Amino acid sequence: MVAIPASSRFPTLEGSERIATTREPTALELITKVRAYHPGADLNLIQRAFVFAEQHHRPQRRKNGDPYVGHPVSVAHIVAEMKLDEGTICAALLHDTVEDTSATQEDLVNCFGPDIAHLVDGVTKLSKIRFRSKEEKQAENFRKMLVAMSQDIRVILVKLADRTHNMRTLEHLPPEKQVVIAQETMDIFAPIANRLGLGALKCELEDLSFRYLHPDKFMELKNAVNSRLDERKDYVERVIREIESIVRAEGISGDVTGRPKHFWSIFRKMQRQDIAVDKVYDAVAFRVLVDKQSDCYHVLGLIHEKWRPIPGRFKDYVALPKPNRYQSLHTTVIGPDGQPIEVQIRTHAMHRVAEGGIAAHWKYKEGGRLEHKDEERFDWLKRLMEWQKEFDDPSEFLESVKIELFADEVYTFTPKGELKVLPRGSTPVDFAYAVHSEVGASCSGAIINGHIVPLTYQLKNGDVVEVIRSKTQKPNKDWLKFVRTTRAKDRIKAFIKKEQRQRSLELGEQLLDKELRKYSRSLIKMRKGEELENAAKGLNLDSVEELIVQIGMGNVTPEAAAHGALGDDAIQKSKAPAAIATPMNAIAKLIDKVRRRPGGVVVDGLDGVKHSIAKCCSPVPGEPIAGFVTPGHVISVHRKGCVMTVAIEDERRVEVRWGDSAGTGYPVGIRVITESGVPGLLTKMTKVFSDLKINIDAAVCAEAPDGRAENVFRFHAKHLDELVDVTRKMESLRGVHGVSRVRE
C-alpha cells in the first residue's frame, strides 16, 4: 500500500485564499511544467506566444499595479495544470490580445495559424458591440462562447482558466463589480466546470464566489471551521488509520486521505438542514483510492462491516457514472464517537477523471471536436446549443441555462433499457419529451416499474418509464406547473402559443370580414390584392396574417385595419357609426358577426356565436350556465356559481343557454377512489362506460396518499344525465369508496 505522509493528508480549509495570494508564476516555470507532462510539445511555439503577449500587453497594468502579462501567464499555468496541448497553452497566453491590445485576429492567424486564432476568438468577449441591457450582453457573450465550445471544447477550458485567475485576484476591483462577477461565476462558470467534471476547479470557483457574495457568512464559517482545525485533524488521522488497517488486513493496495469539504458545500448543508456549523459532522470526506474496480466494492463491504451505514446515503456512480464521466462509490456511515462520516471509494484512474474531468480523458481530434461517445456524455452541451437558437429573450435564455447547469440528475430508463438522464424533480411528461417531441405532446399517462402513475409523479433513480400515448391528447398549459426540463416547457409553450394564434386568426378573420362588409368588400377577395398588405405595413406588422391575428387578440381594431386598407374616401362614404369600445358593444359586435350554423350554446337568443367552455368548471348540458365576454371577444361559458367568475364585472355578463345540439358532447372528468388490489375492478369501471356507449378520452390510475387507489377518467358527456348515470353506476361497484367531479 502506498501511504501518504500525515502532513499532506489533511489540507487546511483555506484553499481558495491560499491560491488567491500565491506569487504569480513565471514564463520559465510554465515551460518547465509543460515539458514535465508533454516532453514532445513545441516549446518554441509557446515561447513565441509569450513574447507576442508580453510585447502587446507591455504598456498595460492590472488593478494591483502588476504588469498585465502576468494574467495570461497565470491563465496558461492553470491550463497546463489540466495537462492540455501546446495550442491551448498558446491560446491562454494570447486570449486578451485581440480584445485589449492593437493585435488583430489576422495577426494571430499569420503568426500562430488558424487553429490557435480560432481558440482565441472563441474566448474573446463581444466588447465592441452595443447591447440594450446587461442581460442581453451577458446572454450574447455566452451564446458566442457556446457556439465556439461546441466546435472546439478547448475554448471553454481556456475560459474557465481565465475566470479562475480573475476570481483569485478579484479583491482589487470595486465591491459592486466583485458582486456582479462573483454571481456570474456562481451561476454559469462553476456549474460548467462541474458538468465538465473539473471537480477541483468547480470547488475553488464556488468558494471564491461565496467569499464575495456573502463576505460576512464566509468569514464566520471560515473562523468557525478553522477554530476546530486541530481537533478535527486528530479525528481525521484516527479515522484514516482505522480505514488503512481494515484495508491492509485484506491485502488490498490503496491510499486513504481525508479532505475537508469546501466552504460553499458546508454552507449549503447548513442552509438545507437549518443547522449550525458545529452540527455539520460530515464536513470531512474520506477517500480510498484502489487499483481495481472490484476492489472498490470489496472496500465498501469492509467499511459497512466496520461502521453502520446510514440508509439512503449510498450512491453507486461506478456502475452508473454521471454524464461527466465521474465514477465513485459514496457512502455515509456512523463513524468513531458516533459521528457521521462520508467515504468515497474509487480507482486511481477514476480519481484522475474526477479531478481533471474532460481534460483527464480528452483525446483531441483535429479541431478539438468531440468524438461520438463523448458527444453522448455531454448531451447537455447539445441542448444548450438548441436553446441558444430558440430563445429571443436574453433573460429567458440565461434562466434556462442556469436551470440546466444546476440540475441535479435522476437516471431513468426506457422499457428497452435506454438511459435518459433528467433533472431531479422531472416527471413522466419531461421523460416523454426527452424521448421525442411527438411522444411528449401525446403523453396521457405513464407506467413506472409496472404501475400506472399520475403525470405529476416525480421520477426516481432507476425508474423504468413506459409512456402511455393518446391520439386525442394535446399539450396542456397545466403541465407547465409541474414539468422540470426546459425542453418540455419550451415545446408546451410553443404548442399553446400556436393554438392561441390559430384561435386569434379565426376570430380576427370573422371580425375583419364583418367590418369590410360594411363597405361592400369581403376578406376573401381583398386578400388577393395589396390593400391589406399596405394596411399591415402601415401598422408596422410583417404580414396580412399577422394583422388578422392582432385583430383577433384585440391589439388592433377591425376599424383601424379597414381604414388602412380602404383609405379615407371609402370610409367617409359609409354611414356606419363609429364603434364604442365598451364590453357591451363588444357583445353586440360578436353577436352581429354570427355565421348561421347550429351550436350547443345559444347567446342572447342566437346560435353559432363563437364561444368556449370554461375548463375551471367544465359545464355540461342540463346544468345552469352563465356567459362572460373575454378580452379576446370570445364568450366564455361557466357553470353558474363557478368561483372563477366572482371577480368578473357584471357588465361583461351575457345571457346564455344550452341549445338543441350538443355535438359529440362536452369534456368532463370524474375521480373514483377505490380499494387497492381488488381483482378486475379496473375492468368493471371501464365497462361502465362501454355499457353506456361512452368513449374514455383519458384515464390515469395511481395510488393515493392514504393507500387507496385514485382513478381519474375523462370523457365527453352530451347531457348531465350521462354524467349522473356514470357516477351512479361507479358508486354501485364493490370496492369503490367515492366518486367526485374533477375540478381543473
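Residues numbered from 1 in each chain as written. Predicted model: local features only at pLDDT ≥ 70, side-chain atom pairs only at ≥ 80, totals over all residues. Heavy atoms only, no water.

Novice: Hey, could you go over the nonpolar core for me, with residue numbers and the actual values?
Specialist: I46, L94 and L160 are the most contacted members of the largest nonpolar core, which totals 66 residues. For L160, the residues in contact, after removing those within four places along its chain, are F189, I192, A193, L196, L198, L201 and L205. One finds V603, V637, W658 and M685 within the second-largest nonpolar core, a separate group that totals 28 residues. (Core = buried A, V, L, I, M, F, W, Y, C linked by side-chain atoms within 4.5 Å. Buried < 20%, exposed > 50% of the residue type's maximum accessible area, 1.4 Å probe, protein only. Contact = heavy atoms within 4.5 Å.)

Novice: I'd like to hear about the packing of helix α23 (residues 428-435) against helix α25 (residues 486-517), residue by residue, with values.
Specialist: Two numbers describe how α23 lies on α25: the axes approach to 8 Å, and their chain directions differ by 85°. Compared by their axis directions, α23 and α25 come out roughly perpendicular. Only R487, A488, R491 and I492 of α25 make contact with α23, whose side of the interface consists of D430, Y433 and A434. When grouped by side-chain class, the residues that make up the contact of α23 with α25 number four nonpolar, no polar and three charged. (Axes fitted to C-alpha atoms, helices over the stretch in contact; angles between N-to-C directions. Helix = DSSP H or I, 4+ residues; strand = E, 2+ residues; numbered from the N terminus. Parallel < 35°, antiparallel > 145°, perpendicular 65-115°, else oblique. Nonpolar A, V, L, I, M, F, W, Y, C, P; charged D, E, K, R; others polar.)

Novice: I'd like a rundown of the side chain of H330, residues and numbers included.
Specialist: Note on placement: H330 falls in strand β5 (residues 329-334). For H330, the side chain forms a polar contact with the side chain of Y326, separated by 2.6 Å. Excluding residues within four positions of it along the chain, H330 makes contact with R313, F314, K315, Y317, E342, V343, Q344 and R346. (Polar contact = N/O pair within 3.5 Å; in protein donor to acceptor, adjacent residues only side chain to side chain.)

Novice: Got a sec to walk through the packing of aromatic side chains? Specific residues and values, please.
Specialist: Under the counting rule described, the total for this entry stands at ten aromatic pairs. Between Y317 and Y326 the ring centres are 5.9 Å apart and the planes differ by 70°, which places this aromatic pair in the edge-to-face class. For the pair Y317 and Y326, one class covers both residues: buried. For the pair W658 and Y666, a centre-to-centre distance of 5.2 Å together with 65° between the ring planes defines the contact as edge-to-face. As far as the burial class goes, W658 and Y666 line up, both buried. (Phe/Tyr/Trp six-rings, centres within 6.5 Å; stacked < 30°, edge-to-face > 60°.)

Novice: Now, about helix α5 (residues 70-81): what can you tell me, with residues and values included?
Specialist: Here α5 is twelve residues long and its end C-alpha atoms lie 17 Å apart, about the 16 Å a rise of 1.5 Å per residue gives. Along α5, ten of the twelve residues are buried, which leaves the element largely enclosed by surrounding structure. Looking only at α5, the buried set comprises H71, P72, V73, S74, V75, A76, H77, I78, V79 and A80. Tucked into the core, α5 has its buried residues touching α3 (27-37), α4 (43-57), α6 (86-94), α11 (154-168) and α13 (199-213). At the C-terminal side of α5, K83 shows a positive phi close to 60°. (Expected span 1.5 Å × (residues − 1).)

Novice: Before we move on, could you go through the pattern of salt bridges and cite the residues and values that matter?
Specialist: According to the stated counting rule, one finds 25 salt bridges in the structure shown. Measuring nitrogen to oxygen at the nearest pair gives 3.6 Å for the salt bridge that ties K202 to E206. One end of the pair is K202 and the other is E206, both in helix α13 and four residues apart, which spans about a single turn. For the pair formed by K202 and E206, the shared burial category is buried. Measuring nitrogen to oxygen at the nearest pair gives 3.5 Å for the salt bridge that ties K306 to E242. One end of the pair, K306, is in helix α17 (residues 293-306); the other, E242, is in helix α15 (residues 229-249), and 64 residues separate them in sequence. Given the relative accessible area of 41%, K306 is considered partly exposed. (Salt bridge = Lys/Arg side-chain N within 4 Å of Asp/Glu carboxyl O.)

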